[in-house]
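Residue-level listing of the chains:
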There are 2 protein chains.
Amino acid sequence: MIETPYLLFLGDAPDQLAAKVAQGIRDWRPDNAVGQFRMEGCKADLGLPDMTLTEARAAGAKTLVVGVANRGGVISKDWKKVLVTALEEGFDLASGLHNLLRNEEDLAAVARATGRALHDVRVPEVEYPIANGVPRSGKRCLAVGTDCSVGKMYTALAMDAEMKARGLKSSFRATGQTGILITGEGVPLDAVVADFMAGAVEWLTPDNDDDHWDMIEGQGSLFHVSYSGVTMALIHGGAPDALILSHEPTRPHMRGLPGYGMPSLEALRDLALPVARIANPKAEVVGISINTAALSEDEALSHLADVEKRMGLPAVDPFRQGAGRLCDALEAL
Amino acid sequence: MIETPYLLFLGDAPDQLAAKVAQGIRDWRPDNAVGQFRMEGCKADLGLPDMTLTEARAAGAKTLVVGVANRGGVISKDWKKVLVTALEEGFDLASGLHNLLRNEEDLAAVARATGRALHDVRVPEVEYPIANGVPRSGKRCLAVGTDCSVGKMYTALAMDAEMKARGLKSSFRATGQTGILITGEGVPLDAVVADFMAGAVEWLTPDNDDDHWDMIEGQGSLFHVSYSGVTMALIHGGAPDALILSHEPTRPHMRGLPGYGMPSLEALRDLALPVARIANPKAEVVGISINTAALSEDEALSHLADVEKRMGLPAVDPFRQGAGRLCDALEAL
């Protein structure tokens, strides 16, 4: 559990995309972000107040979150100066970088000396149980994708926000580093040891009120041979009541796998639903989330109408249209 | 890679079943087992020569393998004495126990001082890559089960032995601790970090001669919600050409999951085959392996005939009948 609110560290981000973790926090948990910290040459801007470390502490910030990708796989000297000073000024640090903060000897030493925490959200900090498959109270929704990186996290966050706006009970359950940094907690599923994957997801989505929805962040794809085991464990550990099919319609092949064509939404439905019903016989596919970023507005609307007709399910791009109709489908379940 | 041959440590095994790891080595790699080491009160007997450590070293043994389960989750003082002496006499140690040898300070100290190796086969010792999904030369066979512990490892070992007896090229590829101890190498798949599971299986089953078969040890079941992610990664990393369906016909429910009924062989085929074809479009289900240990000879033969007729595939119990007909099916592919 990472202490909030945050000061978002953008470093010397070469462009806005490099700061997409920080952008996610700003978009989805604005209350968690008191300001941004930018170094000379930073090309990203979240539209938050620029603050010094001291100003951010005075504004209540408890954790400095590395919200930007590093370059060349190293934490630079310039970054280090800021991170060390932040620890000395009373911040915890949180990061989803592959380079772990804890493995940087100078940071680890200062953290020990100052009693501050270093949160490397790629590394599990809990001993998860083996899944027991026992049915849980409350309801759970999971987006499953035809591929990786098709908008599953965005879909879950948008549905969670919409459910809350309707006054309904909902929790976004993070399963990846960006999601964990956004909410301050979760399970870094891709870093969990194989035997404990499904158990980690059960742990993440415990018994809850009957009218409460967990919006579980999806990972990978049953059709992506590199990561399908993670997706499988997510489906069987999460035991979702509702599945959302997620897709990106212009991708020529599976991400990182040039030899693998993209499956159809029908193929995804026909594999994911029987798999989900092993863990939860009541599971239903309730809607479709299409990432239409590569299409014009007209193309997008026309494509969504085609998909909706073909599949007989509400099909939306939650970024263009909001997640309202997907939440209607949950409420109708 | 564990150095062979072995002296098999049976400790104070309370019964034959407790020594099933040693039994597996003795059954499947008799050339690896020069003798057995039994302590006072040992109730297991592999029919191998009883040897002292010194006698076994003289007979060429290089590694003392803990071939027995420990009691109460601790490595007892009596065991320790033998293990320490073995290191001093020049043995490496190998174990699949949950208690790691390396975590026992006295053993670790003696191993350092004597330059001997401690092999804890539950712990991965390789940094596996992320799976790339690129097709590989050679052929691969994988047994997939309706449940855990239905005889998948036995099936793969029996098929490997039969292929070799026919003069064909075959390798048993171990994915669990017993299999690794039997062959001296493999991947402890259930202990691999999620993102690298499929890559570990690709690493285990690399390009090979076109007429070479890898007999991959199966794990878990697509229908077992605790471990299905491991099975999924095994299918997509292994990219098998041939699937064997494995089943135990008298089990009332899934192992360890009282609320979960056993799937039918048809359900297993209908899920496993499309999943396998994502990674290898030529995948076929070629045969069925039934564990009939709980049936009489007559019941077993009658059950196998029924299954064979129902499924239209050769159905055998490799323990009762050998794996000949399953290997015929591979050769016919």
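Before going into details, it helps to say that this report is about the structure given with it. Model, not experiment: these values are computed from the prediction.

1. Some remarks on the overall build of chain A
Okay, step 1: Of the regular secondary structure elements, chain A holds twelve helices and eleven strands.
Okay, step 2: Its C-alpha radius of gyration of 20 Å places chain A within 12% of the 20 Å reference for a compact globule of 333 residues.
Okay, step 3: Considering only C-alpha atoms, chain A reaches an extent of 55 × 45 × 45 Å along its principal axes.
Okay, step 4: On chain A, roughly 13300 Å² of surface is accessible, and the fraction owed to carbon and sulfur atoms is 51%.
Okay, step 5: Taken together, the 32 basic and 45 acidic charged side chains of chain A have centroids lying 1 Å from each other.

2. A few points about the sheet that holds strand 10 (residues 284–290) of chain B
Residues and elements named next belong to chain B.
Okay, step 1: Taken together, the six strands give an open sheet; going across it, the order is 7-8-6-9-10-11, and neighbouring strands pair in parallel fashion. Looking at strand neighbours, the two that pair on one side only are strand 7 (169–173) and strand 11 (315–316), the edges of this open sheet.
Okay, step 2: Across the face of the sheet, helix 8 (residues 228–238) comes into contact with strand 6 (139–145) and strand 8 (212–216) while running at roughly 165 degrees to strand 6.
Okay, step 3: Along the sheet face, helix 9 (residues 265–279) touches strand 6, strand 9 (242–247) and strand 10 and points at about 150 degrees away from the line of strand 9.

3. Details of the interface of chain A and chain B
Okay, step 1: Counting from both sides, the interface comprises 30 residues of chain A and, opposite them, 30 residues of chain B.
Okay, step 2: Between chain A and chain B, the buried area comes to about 2500 Å², and carbon and sulfur atoms account for 63% of it.
Okay, step 3: When the buried surface of chain A facing chain B is broken down by residue, A:Asp195, A:Val225 and A:Ile278 rank first, second and third, together holding 20% of it.
Okay, step 4: At the junction of chain A and chain B, the tally comes to zero salt bridges.
Okay, step 5: The interface formed by chain A and chain B includes ten residue pairs in polar contact (both at pLDDT 80 or more).
Okay, step 6: The set of elements that each furnish at least two residues to the side of chain A that touches chain B consists of helix 7 (197–204), helix 8 (228–238) and helix 9 (265–279) of chain A.
Okay, step 7: Counting residues per element, the side of chain A that touches chain B draws most heavily on helix 8 of chain A, at six residues.
Okay, step 8: For the side of chain A that touches chain B, the residue count by class is 22 nonpolar, six polar and two charged.

4. Some thoughts on the nonpolar core
Okay, step 1: Grouped together as the largest cluster of nonpolar side chains are 94 residues, with contacts concentrated most on A:Leu189, A:Ile288, B:Leu189 and B:Ile288.
Okay, step 2: Here B:Ile288 is in contact with B:Ile244, B:Leu245, B:Leu265, B:Val307, B:Met311, B:Leu313, B:Pro314, B:Ala315, B:Val316 and B:Leu326, once residues within four sequence places are set aside.

5. Overview of the side chain of B:Thr63
Okay, step 1: Position of B:Thr63 among the secondary structure elements: in strand 3 (residues 63–66).
Okay, step 2: For B:Thr63, the contacting residues outside a window of four places in its chain are B:Ile2, B:Glu3, B:Pro5, B:Tyr6, B:Leu7, B:Phe91, B:Asp92, B:Leu93 and B:Ala94.

6. Re the packing of aromatic side chains
Okay, step 1: This structure, assessed with the given rule, holds ten aromatic pairs over all chains.
Okay, step 2: Their ring planes at 85 degrees and their centres at 5.1 Å tell us that B:Phe9 and B:Trp79 sit as a pair that is edge-to-face. Linking B:Phe9 in strand 1 (residues 6–11) with B:Trp79 in helix 3 (residues 77–88), this pair joins segments that are 70 residues apart in sequence.
Okay, step 3: Its guanidinium or amino end placed over the ring of A:Phe91, A:Arg57 lies 5.6 Å from that ring's centre, counting from NZ or CZ.

7. Concerning the relation of the copies chain A and chain B
Okay, step 1: When chain A is fitted onto chain B, the two copies agree to an RMSD of 0.0 Å after a turn of 180 degrees and an axial shift of 0.0 Å. As the rotation angle and translation indicate, the two copies are arranged about a two-fold axis.
Okay, step 2: Both copies present the same face, since 100% of the interface residues in chain A are matched by interface residues at the equivalent positions in chain B.

8. What about the pairing of strand 4 (residues 92–95) of chain A?
Residues and elements named next belong to chain A.
Okay, step 1: With burial as the criterion, each face of strand 4 is covered, one bearing Asp92 and Ala94 and the other bearing Leu93 and Ser95.
Okay, step 2: Bridge count between strand 3 (residues 63–66) and strand 4: three bridges; the pairing is parallel. Of the residues in strand 4, the one forming a bridge with Leu64 is Leu93.
Okay, step 3: Where the polypeptide runs from strand 3 across helix 3 (residues 77–88) and back to strand 4, its parallel neighbour, the crossover connection is right-handed.
Okay, step 4: Relative to strand 5 (residues 118–120), strand 4 runs parallel, the two being bridged by three bridges. The residue of strand 5 that forms the bridge with Ala94 is His119.
Okay, step 5: Viewed along the sheet, the connection from strand 4 through helix 4 (residues 105–114) into strand 5 turns out right-handed.

9. Looking at the sheet that holds strand 2 (residues 33–38) of chain B
All names here are of chain B.
Okay, step 1: Strand order in this open sheet of five strands is 2-1-3-4-5, and the pairing throughout is parallel. Pairing within the sheet leaves two strands with one partner each, and these edge strands are strand 2 and strand 5 (118–120). Strand-to-strand twist of the sheet, defined as the mean angle between neighbouring strand axes without regard to direction, takes the value 20 degrees.
Okay, step 2: For strand 1 and strand 2, the ladder comprises five bridges, and the chain directions are parallel. Residue pairing across strands places Gly11 opposite Arg38, the latter belonging to strand 2.
Okay, step 3: Packing against the sheet, helix 1 (residues 20–28) makes contact with strand 1, strand 2 and strand 3, and its axis sits at approximately 150 degrees to strand 1.

Basis of the calculations
- Residues numbered from 1 in each chain as written.
- Chains lettered and ligands numbered in written order.
- Predicted model: local features only at pLDDT ≥ 70, side-chain atom pairs only at ≥ 80, totals over all residues.
- Heavy atoms only, no water.
- Helix = DSSP H or I, 4+ residues; strand = E, 2+ residues; numbered from the N terminus.
- Rg over C-alpha atoms; globule rule 2.2 N^0.38 Å.
- Areas by Shrake-Rupley, 256 points an atom, 1.4 Å probe, with all protein chains shown as cover.
- Lys, Arg positive; Asp, Glu negative; His and termini not counted.
- Charge placed at Lys NZ, Arg CZ, Asp CG, Glu CD.
- Pairing = 2+ DSSP bridges.
- Contact = heavy atoms within 4.5 Å.
- Axes fitted to C-alpha atoms, helices over the stretch in contact; angles between N-to-C directions.
- Buried area = accessible area lost by both parts, 1.4 Å probe.
- Salt bridge = Lys/Arg side-chain N within 4 Å of Asp/Glu carboxyl O.
- Polar contact = N/O pair within 3.5 Å; in protein donor to acceptor, adjacent residues only side chain to side chain.
- Nonpolar A, V, L, I, M, F, W, Y, C, P; charged D, E, K, R; others polar.
- Core = buried A, V, L, I, M, F, W, Y, C linked by side-chain atoms within 4.5 Å.
- Buried < 20%, exposed > 50% of the residue type's maximum accessible area, 1.4 Å probe, protein only.
- Phe/Tyr/Trp six-rings, centres within 6.5 Å; stacked < 30°, edge-to-face > 60°.
- Lys NZ or Arg CZ within 6 Å of the ring centre and 35° of its normal.
- Least-squares fit on C-alpha atoms with pLDDT ≥ 70 in both.
- Right-handed = clockwise from strand over helix to strand, strands pointing away.

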